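The lines below spell out each chain.
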Amino acid sequence: QVQLVESGGGLVTVGDSLRLSCAASGRLFSSYGVSWFRQAPGKEREYVAGVDFSGRITGYADSVKGRFTISRNNAENTVYLQMNGLKLEDTAVYYCAVTRYSKGSRNPSDFGSWGQGTPVSVSS
């Protein structure tokens, strides 16, 4: 039901900052939890960060905690991922996804809608 389009990825240097955006269509977007996942070459897709329907509750993978911030603006139907202090290990294609669980989830199988991904490449 929800269509998602990620943007904001690019080529950056270690220590740089980047803000990813996930633009959604669908009237019920504000009722859904949203998470960011990432996938590096040869690796499984992994959870990065999530936010509940209200934007008040967030969660992060240990690898990004303290560096990344997820937020949402339901009036704009948009979710953001602010990435600070980027590391080489952050290189991946980043995807946003929507789950009907209003509280959100860290399990990819709970997400029924996915964006096409936006690539982030961090170099030294």
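This text goes with the structure placed above it.
Anyway, here's the lowdown on the structure attached to this text. Since we're looking at a predicted model, the values are computed, not measured.

Let's talk about the packing of aromatic side chains
1) Next: Applying the stated rule across the entire model yields four aromatic pairs.
2) Next: With centroids separated by 5.2 Å and ring planes inclined at 80 degrees, the aromatic side chains of F37 and F111 adopt a geometry described as edge-to-face. In this pair, F37 sits in strand 4 (residues 33-39) while F111 sits in strand 10 (residues 111-114), placing the two residues 74 residues apart along the sequence.
3) Next: Under the relative-accessibility criterion, F111 is labelled buried at 6%.

Thoughts on the state of the cysteines
1) Next: Across all of its chains, the model carries one disulfide by this definition.
2) Next: Between the sulfur atoms of C22 and its disulfide partner C96 the distance amounts to 2.0 Å. Measuring handedness by torsion sign, the sulfur bridge of C22 and C96 sits at about 65 degrees and is right-handed. Residue C22 is found in strand 3 (residues 18-25), and its partner C96 is found in strand 9 (residues 92-99); the two are separated by 74 residues along the sequence. Each member of the pair, C22 as well as C96, is classed as buried.

Description of the pattern of salt bridges
1) Next: Counted under the stated rule, the structure contains four salt bridges.
2) Next: Across the pair E46 and R38 runs a salt bridge, and its minimum N-O distance is 2.7 Å.
3) Next: For E46, a relative accessible area of 35% corresponds to the partly exposed category.
4) Next: Of the charged contacts in the structure, one is a salt bridge between D62 and K65, with a shortest N-O distance of 3.6 Å. Assigned by exposure class, D62 and K65 land together as exposed.

Looking at the side chain of E6
1) Next: In this fold, E6 is placed in strand 1 (residues 3-7).
2) Next: Although E6 lies buried, it forms no salt bridge, and the closest oppositely charged side chain, R45, sits 7.4 Å away as judged by the N-O distance.
3) Next: Here G117 takes part through its backbone nitrogen, which lies 2.8 Å from a polar atom of the side chain of E6.
4) Next: Excluding residues that lie within four positions of it along the chain, E6 makes contacts with S21, C22, W36, Y94, Y95, C96, G115, Q116, G117 and T118.

Quick notes on the sheet that holds strand 3
1) Next: Pairing within the open sheet is antiparallel, and its four strands lie in the order 1-3-8-7. At either end of the open sheet lies a strand with only one pairing partner, and these are strand 1 and strand 7 (68-73). Put simply, the sheet's adjacent strands are angled 15 degrees from each other on average, direction ignored.
2) Next: Strand direction decides the pairing type here: strand 1 and strand 3, joined by five bridges, are antiparallel.

Let's talk about unusual backbone geometry
1) Next: Unlike most non-glycine residues, N77 shows phi in positive territory, near 55 degrees.
2) Next: Mapped onto the secondary structure, N77 falls in the loop between strand 7 and strand 8 (78-83).

A word on the pairing of strand 11 (residues 118-123)
1) Next: Of the two faces of strand 11, only one is covered, namely that formed by T118, V120 and V122; the face formed by P119, S121 and S123 stays uncovered.
2) Next: As paired strands, strand 2 (residues 11-13) and strand 11 are joined by three bridges and run parallel to one another. Bridging from a neighbouring strand, T13 pairs with S123 of strand 11.
3) Next: Two elements, strand 9 and strand 11, share three bridges in a ladder whose sense is antiparallel. Each residue of the ladder has a partner; that of V93, found in strand 11, is P119.

Basis of the calculations
Residues numbered from 1 in each chain as written. Predicted model: local features only at pLDDT ≥ 70, side-chain atom pairs only at ≥ 80, totals over all residues. Heavy atoms only, no water. Phe/Tyr/Trp six-rings, centres within 6.5 Å; stacked < 30°, edge-to-face > 60°. Helix = DSSP H or I, 4+ residues; strand = E, 2+ residues; numbered from the N terminus. Buried < 20%, exposed > 50% of the residue type's maximum accessible area, 1.4 Å probe, protein only. Disulfide = S-S within 2.5 Å. Salt bridge = Lys/Arg side-chain N within 4 Å of Asp/Glu carboxyl O. Lys, Arg positive; Asp, Glu negative; His and termini not counted. Polar contact = N/O pair within 3.5 Å; in protein donor to acceptor, adjacent residues only side chain to side chain. Contact = heavy atoms within 4.5 Å. Pairing = 2+ DSSP bridges. Axes fitted to C-alpha atoms, helices over the stretch in contact; angles between N-to-C directions.

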